[in-house]
Amino acid sequence: MPRSAVNENSRLALRIQPADKAVILRAVALEGTNLTEFILRTALREAQAVIKDHEQVKLSKRDSLRILELLEHPPAPNAKLRKAARAMPERS
């Protein structure tokens, strides 16, 4: 089971291969920043992209048009949907 990466002291530790660290340090020097800022900025950007990819639904033009058509002209409810609606509690 994965361990939580968040500690109360807001520190994050990771193990890294020397060659990978050298690449990161070179990028840090080229950006003229420090290691913490570089890693934080890069990790946050990537984390936001991952979250966006998982929270957004990407549709083709055909699928988008189909959804718009269904929203404008929904199909009549079938027997299963009517039964489910009747089983719902009344709203007050």
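Residues numbered from 1 in each chain as written. Predicted model: local features only at pLDDT ≥ 70, side-chain atom pairs only at ≥ 80, totals over all residues. Heavy atoms only, no water.

So, about the pattern of salt bridges. One pass over the structure, following the stated rule, counts three salt bridges. A salt bridge links Lys 58 to Asp 53, with the shortest nitrogen-to-oxygen separation between them at 3.4 Å. Take Asp 53: its relative accessible area is 47%, and that puts it in the partly exposed class. The residue Asp 63 makes a salt bridge to Arg 62 at a minimum N-O spacing of 3.3 Å. (Salt bridge = Lys/Arg side-chain N within 4 Å of Asp/Glu carboxyl O. Buried < 20%, exposed > 50% of the residue type's maximum accessible area, 1.4 Å probe, protein only.)

A few words now on the layout of surface pockets. Estimated volume of the largest pocket: approximately 350 Å³. Every residue lining the largest pocket is listed: Leu 12, Ala 13, Leu 14, Ile 16, Leu 35, Thr 36, Ile 39, Leu 40, Ala 43, Leu 44 and Ala 47. Partitioned by chemical class, the residues of the lining of the largest pocket number ten nonpolar, one polar and no charged. (1 Å grid on protein atoms, 1.4 Å probe; cavity = no way out; pocket = protein on both sides within 12 Å on 5 of 7 lines; lining within 4 Å. Points joined across faces, edges and corners; volume = space filled by probe spheres on them. Nonpolar A, V, L, I, M, F, W, Y, C, P; charged D, E, K, R; others polar.)

A separate point is the packing of helix H1 (residues 18-31) against helix H2 (residues 35-55). Between H1 and H2, the least distance of the axes is 9 Å, while the angle of their chain directions is 100 degrees. Taken together, the axes of H1 and H2 are roughly perpendicular relative to one another. Where H1 abuts H2, its residues Ile 24, Leu 25, Ala 27, Val 28 and Glu 31 lie against Leu 35, Phe 38, Ile 39 and Arg 41. The residue makeup of the contact of H1 with H2, split by class, is seven nonpolar, no polar and two charged. (Axes fitted to C-alpha atoms, helices over the stretch in contact; angles between N-to-C directions. Helix = DSSP H or I, 4+ residues; strand = E, 2+ residues; numbered from the N terminus. Parallel < 35°, antiparallel > 145°, perpendicular 65-115°, else oblique. Contact = heavy atoms within 4.5 Å.)

In the predicted model, the protein chain carries a mean pLDDT of 91, and 91% of its residues have values of at least 70. Within the protein chain, the element-level pLDDT minimum falls on helix H4 (residues 79-87), averaging 94, and the maximum on H1, averaging 98. (pLDDT = per-residue confidence, 0-100.)

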